[in-house]
Amino acid sequence: MATIEECRRALEKFSDNLAGADGDVRAAAALDRSLSCRITDLDVTFVGRLQEGRIRVLDTLQGPPPDKAQIRLAMTGDDLVEMVDGQLHFAKAWASGRVKLEAALLDLLRLRKLL
């Protein structure tokens, strides 16, 4: 089972990947939205912002977030680490229910280029 620190590093790596992206991915990452990533098996939530092409983690909370972020992800820590490392494809994980993504329809359409 991935630790909180491994999950934080995975989010940092994902943020670095977004910052170095080109074309459609870079345009999709240019959103300015509140973001939460709930790690279900650890019962923690990383809260922050997707801003200027980066994920900025502002806090780590025990349990679910008190406020509803504009973009909400939920998954196990292992799934987060595997997705960022390229071992788990987002679309397959989402289709099977391993990963949950909630956002406004227009945001979902832009985010599909990231994931």
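The model shown is predicted, which means the values in this text are computed figures rather than measured ones.

(A) Seen up close, the overall build of the chain. Broken down by element type, the chain carries five helices and five strands. Taken from the N to the C terminus, the helices and strands of the chain come in the order α-α-β-β-β-β-α-α-β-α. A compact globule built from 115 residues should have a C-alpha radius of gyration of about 13 Å, and the chain, at 13 Å, falls within 12% of that. Taken along its principal axes, the extent of the C-alpha atoms in the chain is 35 × 30 × 25 Å. When the 115 residues of the chain are sorted by exposure, 38% land in the buried category. Looking at the chain alone, contacts between residues at least 24 apart form 58% of all its contacts between residues at least 6 apart. A total of about 6,500 Å² of accessible surface is found on the chain, and carbon and sulfur atoms cover 52% of it. Separation between the mean location of the 17 positive side-chain charges and that of the 18 negative ones in the chain comes to 6 Å.

(B) Geometry of the nonpolar core. Counting residues in hydrophobic clusters, the biggest one holds 27 residues, and the most contacted among them are Ile39, Ile71 and Leu80. Breaking this core down by element, the ones donating at least two residues are helix H1 (4-19), strand S1 (33-39), strand S2 (44-51), strand S4 (71-75), helix H3 (77-84) and helix H4 (90-95). The dominant element in this core, judged by the number of residues it contributes, is H1, at four residues. If near-sequence neighbours (up to four positions away) are discounted, leucine 80 is found in contact with Cys7, Ala10, Leu11, Ile39 and Met75.

(C) The arrangement of the side chain of arginine 72 in detail. You can see arginine 72 is positioned in strand S4. At a separation of 2.4 Å, a polar atom in the side chain of arginine 72 contacts the main-chain carbonyl oxygen of alanine 69. Beyond its immediate sequence surroundings of up to four residues, arginine 72 is in contact with Ser36, Lys100, Leu101, Glu102 and Ala103.

(D) View of the environment of isoleucine 55. The topology assignment puts isoleucine 55 in strand S3 (residues 54-62). Given a relative accessible area of 14%, isoleucine 55 falls into the buried group. Residues isoleucine 55 and leucine 80, 25 residues apart in the sequence, show an inter-C-alpha distance of 14 Å. The residues touching isoleucine 55, leaving out its near neighbours within four places in the chain, are Leu11, Phe14, Ser15, Leu18, Leu35, Arg49 and Leu50.

(E) Geometry of the UniProt feature "domain: SCP2" (unreviewed entry) in the chain. As recorded in UniProt, the sites labelled "domain: SCP2" (unreviewed entry) are residues 30-102. For residues 30-102, the end-to-end C-alpha separation is 18 Å, with 19% helix and 44% strand making up the annotated structure.

(F) Molecular detail of H1. When the terminal C-alpha atoms of H1 are compared, their 23 Å separation across 16 residues agrees well with the 22 Å that a helix rising 1.5 Å per residue should span. What H1 keeps buried is the set Cys7, Ala10, Leu11, Ser15 and Leu18. Seen from one end, H1 has its buried residues packed into an arc of 140°, which puts them on one side.

What counts and what doesn't
Residues numbered from 1 in each chain as written. Predicted model: local features only at pLDDT ≥ 70, side-chain atom pairs only at ≥ 80, totals over all residues. Heavy atoms only, no water. Helix = DSSP H or I, 4+ residues; strand = E, 2+ residues; numbered from the N terminus. Rg over C-alpha atoms; globule rule 2.2 N^0.38 Å. Buried < 20%, exposed > 50% of the residue type's maximum accessible area, 1.4 Å probe, protein only. Contact = heavy atoms within 4.5 Å. Areas by Shrake-Rupley, 256 points an atom, 1.4 Å probe, with all protein chains shown as cover. Lys, Arg positive; Asp, Glu negative; His and termini not counted. Charge placed at Lys NZ, Arg CZ, Asp CG, Glu CD. Core = buried A, V, L, I, M, F, W, Y, C linked by side-chain atoms within 4.5 Å. Polar contact = N/O pair within 3.5 Å; in protein donor to acceptor, adjacent residues only side chain to side chain. UniProt positions renumbered as here; feature names shortened; annotations may be inferred. Expected span 1.5 Å × (residues − 1). Arc of directions from axis to C-beta.

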